[in-house]
Amino acid sequence: MTDWPAQRLLPPDPKNYTPEQQKAHDAFVASPRGRVVGPLALWLHRAELAQATEKLGSYLRFSTTLGPKLTELAIITTAKVWGSEFEWYAHKPLAIKGGLSEEVVEAIRTGAEPPYADDEERAVHRFAYEAAMERQVSDELYQSTIDTIGKDRLVDLVALIGYYGFVSLTLNTFRILPPADAPREFG
């Protein structure tokens, strides 16, 4: 059993939702997510924020030009940079299901150089890592990423990294953590 710190702010009680909170809740449930967990539940404190993030989050998670494997690669890379245990817990199985090898996922978790399956994995991981760590990317990395995945997919990748940085900051600030029986992945 992991000794996680107490969550700082709990989601609003569904019995006391305002009409706008209920509308935001229902939009999350109707989305491909099908449920309201993690930062989504907390964002319901600000119904307008929850409603705005639902559309953006649904697009970035389920509809980008990157596809599931590269989307999840960017998400877990961002989670690692931010040290977001909940984000890692939630997306590690999705990354593997999406097509990333367990070896790539484990290398990202430990900070080792991943054994990429192809140039697209390499480009997405390196770009996501440098962008999240440095808050920008070098001209060389920018050009090599465009050459590998194209400009449209790069625009989606940048939005994905930014959005999951926002998600990770929400999770870390309010201490939204995995279940008590989940292992610590980042120490």
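See the structure above.
Here's what I pulled together on the structure shown here.

1. A few points about the overall build of the protein
Looking only at helices and strands, the protein features 9 helices and 0 strands. Reading the protein from its N end, one meets helices and strands in the order α-α-α-α-α-α-α-α-α. For a compact globule of 187 residues, the expected C-alpha radius of gyration is about 16 Å, and the protein comes in at 17 Å, within 12% of that figure. Its C-alpha atoms give the protein principal-axis dimensions of about 50 × 40 × 30 Å. For the protein, the proportion of its 187 residues judged to be buried stands at 42%. Put simply, 69% of the contacts in the protein that link residues at least 6 apart link residues at least 24 apart. Here the protein has roughly 9,700 Å² of accessible surface; of this, 54% comes from carbon and sulfur atoms. Seen as two clouds, the 20 positive and the 26 negative side-chain charges of the protein have centres 6 Å apart.

2. Observations concerning the packing of aromatic side chains
For the structure shown, the criterion picks out 6 aromatic pairs. Both rings, one in Tyr163 and one in Tyr164, keep their centres 5.0 Å apart while their planes meet at 85 degrees; by these two values the pair is edge-to-face. The pair formed by Tyr163 and Tyr164 is uniform in burial state, with each residue classed as buried. Here the aromatic rings of Tyr163 and Phe166 are separated by 6.2 Å at their centres, their planes lie at 65 degrees, and the arrangement is edge-to-face. Separated by 3 residues within a single helix, Tyr163 and Phe166 lie in helix H9 (residues 151–173), roughly one turn from each other. Looking at Tyr163, the relative accessible area reads 6%, which means it is buried.

3. Section: the pattern of salt bridges
By the definition in use, this model includes 13 salt bridges. Where Glu113 meets Arg126, a salt bridge forms, and the shortest distance between an N and an O atom there is 2.8 Å. Residue Glu113 is located in the loop between helix H6 (102–110) and helix H7 (119–134), and its partner Arg126 is located in helix H7; the two are separated by 13 residues in the primary sequence. By relative accessible area, Glu113 is classed as exposed at 53%. It is possible to trace a salt-bridge network through shared partners that takes in Lys92, Glu106, Arg109 and Glu185.

Thresholds, definitions, all that
- Residues numbered from 1 in each chain as written.
- Predicted model: local features only at pLDDT ≥ 70, side-chain atom pairs only at ≥ 80, totals over all residues.
- Heavy atoms only, no water.
- Helix = DSSP H or I, 4+ residues; strand = E, 2+ residues; numbered from the N terminus.
- Rg over C-alpha atoms; globule rule 2.2 N^0.38 Å.
- Buried < 20%, exposed > 50% of the residue type's maximum accessible area, 1.4 Å probe, protein only.
- Contact = heavy atoms within 4.5 Å.
- Areas by Shrake-Rupley, 256 points an atom, 1.4 Å probe, with all protein chains shown as cover.
- Lys, Arg positive; Asp, Glu negative; His and termini not counted.
- Charge placed at Lys NZ, Arg CZ, Asp CG, Glu CD.
- Phe/Tyr/Trp six-rings, centres within 6.5 Å; stacked < 30°, edge-to-face > 60°.
- Salt bridge = Lys/Arg side-chain N within 4 Å of Asp/Glu carboxyl O.

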